[in-house]
Amino acid sequence: MPISGSEIVKMLPGRKPCKDCGFPTCFAFAMKLATGGATVDKCPYLSPEVKAKLEDLLAPAIKLVTIGTGDKKVEVGNEEVIYRHEKTYVHPPGIAILISDKESEAKVEEKMRKVKELQFPWVGLTLKADLIALQFESGDKNKFLNLVKKVSQSSDLGLILISQDLDILFAARDLCADKKPLLYPITKENIDQAIPRIKEKPTPVGVRAESIEELIPLTIKLKEAKVDDAVLDPGSKNILDAIRDQTFIRRAALKQGFRPLGYPTIAFPCFMAKDEIKEILTASVFVIKFAAIIVLSDFDQDSLLPLLVQRLNIYTDPRFPMAVEEKYYEIGTPDEYAPVLVTSNWALTYFIVSSAIEATKIPSYLCVKDAEGLGVLTGWAAGKFTGDQVGAMIKKSGIESRVKNKKVVIPGRVARIKGELEEALPGWEVVVGPREASGIGAFLPEYVKTLRK
Ligand code: SF4
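Reading guide: rules and limits
Here the residue numbering is sequential within each chain, running from 1 through the sequence in written order. In keeping with the predicted nature of the model, local features appear solely for residues at pLDDT of at least 70, side-chain atom pairs appear and are counted solely at 80 or more, and the whole-chain, interface and lining totals rest on all residues. Calculation of side-chain values draws on the structure's entire complement of heavy atoms; hydrogens and water are dropped beforehand. Secondary structure follows DSSP: runs of H or I at least 4 residues long count as helices, runs of E at least 2 residues long count as strands, and numbering of each begins at the N terminus. The cut-offs for exposure are 20% and 50% of the maximum accessible area for each residue type, with area from a 1.4 Å probe on protein chains only; residues under the lower value are buried, those over the upper are exposed, and the others partly exposed. Residues count as neighbours in contact if any of their non-hydrogen atoms are within 4.5 Å of one another. Residue-level accessible areas treat just the shown protein chains as cover; the underlying method is Shrake-Rupley with a 1.4 Å probe. Charge counting treats Lys and Arg as positive and Asp and Glu as negative, with His and both chain ends excluded. Where a charge sits is defined by one atom per residue type, namely NZ (Lys), CZ (Arg), CG (Asp) or CD (Glu). Patch construction takes residues with relative accessible area above 30% that form no salt bridge. Like charges are linked within 9 Å, and nonpolar side chains (Val, Leu, Ile, Met, Phe, Trp, Tyr) are linked within 5 Å. By salt bridge we mean one thing: a side-chain nitrogen of Lys or Arg within 4 Å of a carboxyl oxygen of Asp or Glu. Note on definitions. A residue lies near a molecule or strand when any single heavy atom of the residue is within 4 Å of it. Three classes are used: nonpolar for Ala, Val, Leu, Ile, Met, Phe, Trp, Tyr, Cys and Pro, charged for Asp, Glu, Lys and Arg, and polar for all others, with Gly counted as polar. A strand pair is defined by DSSP finding two or more bridges across the two strands. Think of each axis as a best-fit line through the C-alpha atoms, taken over the contacting stretch in the case of a helix, with angles from 0 to 180 degrees between the N-to-C directions. Nonpolar core, defined: a set of buried Ala, Val, Leu, Ile, Met, Phe, Trp, Tyr and Cys residues in which side-chain atoms within 4.5 Å join the residues together. Pairs of N or O atoms within 3.5 Å make up the polar contacts considered here, provided that, within protein, one atom can donate a hydrogen while the other can accept it, and that residues adjacent in sequence are counted only when both atoms are side-chain atoms. Cysteine sulfur atoms are paired as a disulfide whenever they fall within 2.5 Å.

(A) Focus on the overall build of the chain. Looking only at helices and strands, the chain has 17 helices and 17 strands in total. With the C-alpha coordinates of the chain rotated into their principal frame, the extents come out at 80 × 70 × 40 Å. Put simply, the chain has 453 residues, and 49% of those count as buried. Within the chain, contacts between residues at least 6 apart in sequence are counted, and of these 67% link residues at least 24 apart. Of the roughly 21500 Å² of accessible surface on the chain, 54% is carried by carbon and sulfur atoms. Put simply, the chain has 63 plus and 60 minus side-chain charges, and the middle of one group is 3 Å from the middle of the other.

Laid out in C-alpha cells, this is it:
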C-alpha cells in the first residue's frame, strides 16, 4: 500500500532544512518521494537501515520484472490498479509460444517462422508475440541444449526455459544468460538448490506452487536471498481457479500491500486447455484477469490476432483516445502529382481514411493533423481542427516540397474551414472532399485526373 508523505517525513533526518536533496525542506522531499518524483538516494543523511526501509516501502506494489534484453525485452508487473477504469493497466502481458524438445525439427522451424512472420500492423503499432518458451521433455539433455542454442541464436526474443531437472535448467541458462531468460519452475522441492545457482548469473525466475498459500514462503525465501525478479504461478488447475487465484494475488498486492505476493504472474493455457479453441479462450481470460505472461502451445493468424487486439484494447489507457502521429503519410508510392488529403489523428479516423484511399489504389499523401485524438468534426467543434491549425500543420509537415499541384482535399464534414484554410495557405487551393470516408472510392479516381492537367 502506498506510504504517505507525512509518514515518510517521520523517517527523514529533519534536523535541518539543508536542501542538499534539492528540495527546500524534508517535508517537501517526503511529498515528492511519496508520489515517485524523487529517489531516496538524494538525501545523503539517511542511515543504511532507514534508506533500505524507505526503498522497500516505496517499491511498486507489484514488482517490475524484465525478461530478455534490448528492444525485444518484455517488462511485466508494476501495475497500480485492479480495475482498468480506475486508471490504466501499464504493461501488457507477454505472449509466448511453447516449443518442446520432443517436437520434430520441422515443427520447431514452423513455430519459429510463425513467431517471425505473424506481425500485424494495427493502428500505427505492430502486434506480435513476444516470447519463446522452450520446454525440456525429451529426457535427452543434449537435444534440449541444442534447441536452446539454436533458438537463442536465431531469435532475439526473450526466452522462458522450462525444465523440472535443475541441472538441465541451469545448463540451458548458461547458454543464454546474457539474454536474461526466465527460469521455470522454482518450487518448494528445488528452491534451496536453485538459489545459489540463480545468484551466479541473476535472471528472472518463475515460482510455481500448488496453491497461493504455498507460494508465499517461496517468495519470502527468494527475497531473503536477494533474488527478487520473480513471476508467480499459483498452479491453477482450471479456469475458475485461475480467475480466483489471479484476482487474489492482484488484490493482496495492491489492496493489502502484501509483499510476498507483489509479483507479476505467469499462466499456461497450453497446459490447462485440451483443444485449440479452449486454449485461446483461456488465454483471453488471462489477458483480462491479470496474467503478465501467457504461454500458448501454438498459434496461427486466426487465433493470435484476436488475442493481440484484445490485449491492445485492455492495455490502452482509457483516459486518452488512441491517436497516430501528426505528419504526412505516404499511401502507396505517391509522386509529385499525387493527391493530398487531410484528416485528424484519431486512430480510427486515420485507419478508415487511409484504408479507403488504399482501396482506390491511387498513391496519395495523407496529412494528419493532431486533434488530440478526436475525430474530424469533434476536433473542429473542440477548436482543435480549425483552418488555421490545419494550414500550420501542412506548412510544417514539408508536404509543399513534395507536390507540384498545391491542392489539398479536406473532409466534407468540415467544409466550413475552407476559407480559413485558404487564407492560412496562400497559393493552395482547398477542395472539399466527401463527407464520409466511404465516399473516397468514388471521389478520388475522378479528382486525380484533374491533377495532371
Ligand atoms: Fe532533509 Fe535530507 Fe533533504 Fe536535507 S537532504 S533537507 S536532511 S531530506
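Past the structure itself, the notes keep going.
(B) Local environment of a negative patch on the surface. Side chains of Asp 275, Glu 276, Asp 300 and Asp 302 sit close together on the surface and give a patch of like negative charge. As for its placement among the helices and strands, Asp 300 is situated in the loop between strand E12 (293-296) and helix H12 (301-314). The class for Asp 300 is partly exposed, based on a relative accessible area of 31%.

(C) Spatial organisation of the site of the ligand. Taken together, eleven residues lie around the ligand, and Cys 18, Cys 21, Cys 26, Phe 29 and Cys 43 are the ones closest in. Of the residues assigned to the shell around the ligand, the class counts are eight nonpolar, no polar and three charged.

(D) Quick peek at the sheet that holds strand E13 (residues 327-331). Strand order in the open sheet formed by five strands is E13-E15-E14-E16-E17, with mixed pairing between adjacent strands. Because the sheet does not close on itself, it has two edges, and the strands there are E13 and strand E17 (429-432). Going across the sheet, the axis of each strand differs from the next one's by a mean of 30°, ignoring polarity. In this sheet, strand E15 (residues 364-369) lies alongside strand E14 (residues 340-344) in parallel orientation, the contact comprising five bridges. Its bridge partner being in E15, Thr 343 is matched across the sheet by Val 368.

(E) Examining the sheet that holds E12 more closely. Pairing within the open sheet is parallel, and its eight strands lie in the order E10-E9-E8-E7-E6-E3-E12-E11. Each having just a single partner strand, strand E10 (230-233) and strand E11 (266-267) make up the two edges of the open sheet. Note that strand E9 (residues 205-208) and E10 share four bridges and pair parallel. Residue pairing for E10: Arg 208 is matched across the bridge by Asp 233. This element, helix H5 (residues 141-154), spans strand E3 (94-100), strand E6 (131-135) and strand E7 (158-162) of the sheet and lies at about 165° to E6.

(F) Main features of the nonpolar core. Within the largest apolar cluster, 96 residues are counted, with the highest numbers of intra-cluster contacts made by Ile 132, Leu 134, Leu 161 and Leu 222. Beyond its immediate stretch of four places on either side in the chain, Ile 132 contacts Ile 97, Ile 99, Met 112, Val 115, Val 151, Ser 155, Leu 157, Gly 158, Leu 159 and Ile 160. Listed in part, the 22 residues of the second largest apolar core include Phe 385, Ile 394, Ile 410 and Leu 425.

(G) Highlighting the side chain of Thr 316. Positionally, Thr 316 belongs in the loop between H12 and E13. Of the residues examined, Thr 316 reaches a relative accessible area of 15% and is grouped as buried. A polar contact of 2.4 Å, which involves the side chain of Thr 316, links it to the backbone oxygen of Leu 312.

(H) Up close: the pattern of salt bridges. The full count for this structure, using the stated rule, is 31 salt bridges. Taking the shortest distance from any N to any O, the salt bridge between Lys 221 and Asp 192 comes out at 2.9 Å. Residue Lys 221 is located in helix H8 (residues 212-224), and its partner Asp 192 is located in helix H7 (residues 191-200); the two are separated by 29 residues in the primary sequence. Using a relative accessible area of 33% as the deciding quantity, one classes Lys 221 as partly exposed. A relative accessible area of 46% means that Asp 192 is categorised as partly exposed. Lys 449 is paired through a salt bridge with Glu 446; the nearest N and O atoms lie 3.1 Å apart.

(I) The state of the cysteines, seen in detail. Tallied over the full model, the rule gives zero disulfides. Not part of a disulfide, Cys 270 finds its nearest cysteine sulfur in Cys 176, a span of 19 Å. For Cys 270, a relative accessible area of 12% gives the class buried.

(J) The environment of Ile 8, seen in detail. Structurally, Ile 8 is set in helix H1 (residues 5-9). Between the C-alpha atoms of Ile 8 and Leu 33, which are 25 residues apart in sequence, the distance is 8.0 Å. In contact with Ile 8, other than residues within four places in its own chain, are Ile 3, Ala 30, Leu 33, Ala 34, Leu 54 and Leu 58.

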